[in-house]
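Chain by chain, the residues:
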Amino acid sequence: MATADDIPALHALVESAFRGDSARGGWTHEADLLDGQRTDRAALAEAIADPDRTVLMIDDATGCVQVSRVAPDRSALGLLAVRPDAQAGGLGRRLVQAAEDHAVQAFGARRMEMTVIAARGELIAWYERQGYVRTGETRPFPMDDPRFGLPRQMLSFMVLERGLPR
């Protein structure tokens, strides 16, 4: 689990995986959809300090994922990031599994949900191969909040979910 001491490395990992030219080295970036930051150190510190959220991070800051309790039997997966030069090696799949295991053990979750930018078809297909299904629900993207990035086009989130084994 990430701690406050991990915030600088965690922040660098997330930004490199999602934004700017470094992100283009991997297949799962948002660099063509959004400019600006993906997150900031204050938001990461908030996540780490929140008892209803856990940020799991690989020791060498190669990858991370956040698990949040959103209801007594439901958790949310987010902030899945793998360093661009380490993508396509199965690390993302292992992080999703670790997040699901943590959701069951720490939060008693029976379902895991996530939101994915609807324009990211390749990433949605990857999550579907991991067993996630589209719920049909969409949620608005915070278009005017630079803490989440500066959209280059209209964006929305698609909600995916899957049941978790007990």
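Note: the structure precedes this text.
Residues numbered from 1 in each chain as written. Predicted model: local features only at pLDDT ≥ 70, side-chain atom pairs only at ≥ 80, totals over all residues. Heavy atoms only, no water.

Asker: Help me understand the layout of surface pockets, please; the structure alone is not making it clear to me.
Answerer: Any empty space left between atoms is shown by rolling a water-sized probe over those atoms. Estimated volume of the largest pocket: approximately 1300 Å³. Lining of the largest pocket is provided by 50 residues; of these, Arg38, Gly78, Leu79, Leu80 and Thr115 occupy positions nearest its centre. Those elements that place two or more of their residues in the lining of the largest pocket are α1 (7-18), α3 (41-49), β3 (63-71), β4 (74-82), α4 (91-107), β5 (111-117), α5 (121-129) and β6 (133-140). Take the lining of the largest pocket: its biggest share by element is 7 residues, from β4. (1 Å grid on protein atoms, 1.4 Å probe; cavity = no way out; pocket = protein on both sides within 12 Å on 5 of 7 lines; lining within 4 Å. Points joined across faces, edges and corners; volume = space filled by probe spheres on them. Helix = DSSP H or I, 4+ residues; strand = E, 2+ residues; numbered from the N terminus.)

Asker: For this particular structure, what's the right way to read the sheet that holds β4?
Answerer: In a beta sheet, neighbouring strands pair by backbone hydrogen bonds and run either parallel or antiparallel. Judged by pairing direction, the sheet is mixed, and its 6 strands sit side by side in the order β2-β3-β4-β5-β8-β6 without closing on themselves. Bordering the open sheet on either side are β2 (53-57) and β6, each of which pairs with just one other strand. Across the sheet, the mean angle from the axis of one strand to that of its neighbour is 25°, orientation sign disregarded. Against the sheet, α3 makes contact with β2, β3 and β4, and its axis sits at roughly 110° relative to β2, the strand it touches most. Of the strands in this sheet, β2, β3, β4, β5 and β8 (156-163) touch α4, which is tilted by about 30° from β3. (Pairing = 2+ DSSP bridges. Axes fitted to C-alpha atoms, helices over the stretch in contact; angles between N-to-C directions. Contact = heavy atoms within 4.5 Å.)

Asker: Would you mind going over the pairing of β8 with me for this structure?
Answerer: It is a general feature of regular strands that their side chains alternate between the two faces of the sheet. Strand direction decides the pairing type here: β5 and β8, joined by 7 bridges, are antiparallel. Across the sheet, Glu113 pairs through a bridge with Glu161, a residue of β8. Pairing of β6 with β8 involves 5 bridges; the strand directions are antiparallel. Counterpart to Val133 in the pairing with β8 is Glu161.

Asker: Help me understand the environment of Asp40, please; the structure alone is not making it clear to me.
Answerer: Within the element layout of this structure, Asp40 appears in the loop between β1 (34-35) and α3. On the basis of relative accessibility, which here comes to 22%, the residue Asp40 falls in the partly exposed class. Counting along the chain gives 25 residues from Asp40 to Glu15, while the straight-line C-alpha distance between them is 8.9 Å. Setting aside residues no more than four positions away along its own chain, Asp40 makes contact with His11 and Arg147. A distance of 3.3 Å separates a polar side-chain atom of Asp40 from the backbone nitrogen of Ala42. (Buried < 20%, exposed > 50% of the residue type's maximum accessible area, 1.4 Å probe, protein only. Polar contact = N/O pair within 3.5 Å; in protein donor to acceptor, adjacent residues only side chain to side chain.)

Asker: Can you walk me through the nonpolar core in this structure?
Answerer: Across soluble globular proteins, nonpolar side chains have a tendency to be buried as a group. Core analysis: the biggest nonpolar cluster contains 25 residues, and Leu77, Leu80, Met112, Tyr127, Tyr132 and Leu160 have the highest contact counts within it. Residue assignment for this core shows that the elements contributing at least two residues are β3, β4, α4, β5, α5 and β8. Among the elements that make up this core, the one with the highest residue count is α4 (7 residues). Setting aside residues no more than four positions away along its own chain, Tyr127 makes contact with Leu77, Leu80, Val96, Met114, Val116, Tyr132 and Leu160. Counting 15 residues, the second-largest nonpolar core is a separate cluster that includes Leu13, Ala17, Ala47 and Leu79. (Core = buried A, V, L, I, M, F, W, Y, C linked by side-chain atoms within 4.5 Å.)

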